Amino acid sequence: MPVSQRIAAVPPTSPPPDHAPDNASAPAPAARRAELISALGPLARDFAIDWVSECASTNSALLDAPPPDDGRLHVLVADRQTAGRGRRGRQWLSWDGASLTFSVLWRFPLGAPAPAGLSLVAGLALARALEQLGVAGLQLKWPNDVLVHGDKLAGILVDLVAGRARTAAAVIGIGLNLRLPADATIPAQGGVTDLARALEAPLPAPAAVLAAILTELHRLLDTFATAGFPALRGAWAQRNAFAELPVCISGEKDVRHGICAGVDDDGALLLRTADGIERVLAGDVSLRPLAGDGR
Ligand code: ATP
Ligand code: BTN
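Let me begin by describing the structure that accompanies this report. None of these values were measured; they are calculated from a predicted model. (Residues numbered from 1 in each chain as written. Chains lettered and ligands numbered in written order. Predicted model: local features only at pLDDT ≥ 70, side-chain atom pairs only at ≥ 80, totals over all residues. Heavy atoms only, no water.)

## Some points on the nonpolar core
Step number 1: Core analysis: the largest hydrophobic core is formed by 69 residues, its most contacted members being L36, F102, L130, L176, L195, I213 and L214.
Step number 2: Ranked by the residues each element gives to this core, the list is headed by helix 5 (residues 206–227), at 11 residues.
Step number 3: Residue-level mapping places this core at the junction of two domains, with at least three residues from each of domain 1 (17–237) and domain 2 (246–287).
Step number 4: Judged by nonpolar contacts, the second largest core, of six residues, contains W95, A98, L180 and I186. (Core = buried A, V, L, I, M, F, W, Y, C linked by side-chain atoms within 4.5 Å. Buried < 20%, exposed > 50% of the residue type's maximum accessible area, 1.4 Å probe, protein only. Helix = DSSP H or I, 4+ residues; strand = E, 2+ residues; numbered from the N terminus. Domains from an automatic or database assignment.)

In structure tokens form, the structure reads like this:
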């Protein structure tokens, strides 16, 4: 059932975070950053991490002022975004202490694969990390959503940064609902959910969740850089929310119907139609279940 109400801006009465910072005298973002670095352990040296209390959009901030290339993965986390973005100009809504919103700047190594599969790689990393935390029923909706039993738990926005002759870098932005406020209303296509509902155990601290995601993202980006999306395609397909189900693909100009036949070696969606298999690139299209499929 679609959830479709208007949402007020960040409510002034957002619930406090579940986990107060250990060091009460330090500013919250600094304490959370320290907690994250500690949770990452030795892997922390591969990351440069900024954690701010507020910014418009972590993706936009990294795109507007990319940090210098020092060989590390640059991460920007915000407690609160005032203009969070989804794909195609859509809005991403989040609440202070109730959501995890962050972006990672990944510089393409020389000879890296076509960037098309990157959003799927990020989705797979997110799914695996959440599975390790104990979430069951995780599914991936091509190209950029993470669902739990059909409801949207997280979204991914990849912005590519063009270099002189090739894609130089990508900003991988992730929005994950931790514990949505009881009065949150999100204008969304399907249902929405949060990590607190998806876990039987208590919700871990945001820094612990983020450490699990960054660890998996680090691992899968390495695999992607060296072996390309084919090495991850099977793992993505196992979690495909619409595998062998009827879907429609709506673009700017047309709508195509078919059966979701998985993804190709470069991350393109494979749509089985009466005319055979069609490849669909993520760009300006959206996948929807065909009417009748309740997901
Ligand atoms: P597509 O299939 O084209 O990706 P989508 O509905 O998933 O479609 P996105 O651009 O991926 O759209 O994501 C943005 C959408 O996510 C918003 O339009 C809104 O419907 C929904 N949304 C916004 N904030 C949240 C949130 N915190 N949790 C879940 N869904 C959200
Ligand atoms: C989607 O479902 O369309 C993607 C949503 C991505 C939201 C994240 S939150 C962190 C980063 N900053 C943004 O403005 N968007 C992404």
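## Quick notes on the side chain of D159
Step number 1: Its location among the elements puts D159 in strand 6 (residues 151–162).
Step number 2: By relative accessible area, D159 is classed as buried at 15%.
Step number 3: Among the polar contacts listed, one links the side chain of D159 to the side chain of N59, at a separation of 2.9 Å.
Step number 4: In this structure the side chain of D159 is engaged in a polar contact, spanning 2.8 Å, whose partner is the side chain of R85.
Step number 5: Ignoring any residue separated from it by four or fewer positions in sequence, one finds D159 in contact with N59, L63, R85, A169, A170 and V171. (Polar contact = N/O pair within 3.5 Å; in protein donor to acceptor, adjacent residues only side chain to side chain. Contact = heavy atoms within 4.5 Å.)

## Quick notes on the site of ligand 1
Step number 1: As a matter of local geometry, ligand 1 sits amid 19 residues, with R90, K141, D145, P187 and S286 nearest to it.
Step number 2: Within the side chain of R90, a nitrogen or oxygen atom sits 2.5 Å from an oxygen atom of ligand 1.
Step number 3: Note that an oxygen atom of ligand 1 is positioned 2.7 Å from one of the side-chain N or O atoms of D145.
Step number 4: Isolated, ligand 1 exposes 610 Å² of accessible area, and the fraction of that covered by the protein chains is 94%.
Step number 5: Partitioned by chemical class, the residues of the shell around ligand 1 number seven nonpolar, six polar and six charged. (Near = heavy atom within 4 Å. Areas by Shrake-Rupley, 256 points an atom, 1.4 Å probe, with all protein chains shown as cover. Nonpolar A, V, L, I, M, F, W, Y, C, P; charged D, E, K, R; others polar.)

## A word on the packing of helix 3 (residues 118–132) against helix 6 (residues 230–238)
Step number 1: Running from N to C, helix 3 and helix 6 cross one another at 55°; their axes reach a closest spacing of 10 Å. Judged on the interaxial angle alone, helix 6 and helix 3 are oblique. At the point where helix 3 passes helix 6, the crossing takes the left-handed sense. Taken together, the residues of helix 6 that come into contact with helix 3 (itself represented by L120, V121, L124 and R128) are L232, A235 and W236.
Step number 2: Residue classes in the contact of helix 3 with helix 6 are distributed as six nonpolar, no polar and one charged. (Axes fitted to C-alpha atoms, helices over the stretch in contact; angles between N-to-C directions. Parallel < 35°, antiparallel > 145°, perpendicular 65-115°, else oblique. Left-handed = near helix turned anticlockwise from the far one by under 90°.)

## With respect to the packing of aromatic side chains
Step number 1: The full count for this structure, using the stated rule, is two aromatic pairs.
Step number 2: Both rings, one in W106 and one in F108, keep their centres 4.8 Å apart while their planes meet at 55°; by these two values the pair is tilted. Take W106 and F108: they sit in the same class, and that class is buried.
Step number 3: Ring centres of W106 and F224 lie 6.0 Å apart, and the angle between their planes is 40°; this geometry places the pair in the tilted category. Of this pair, W106 sits in strand 3 (residues 99–107) while F224 sits in helix 5, placing them 118 residues apart in sequence.
Step number 4: Of the residues examined, W106 reaches a relative accessible area of 7% and is grouped as buried.
Step number 5: Every member of this aromatic cluster is reached through a ring pair, and the members are W106, F108 and F224. (Phe/Tyr/Trp six-rings, centres within 6.5 Å; stacked < 30°, edge-to-face > 60°.)

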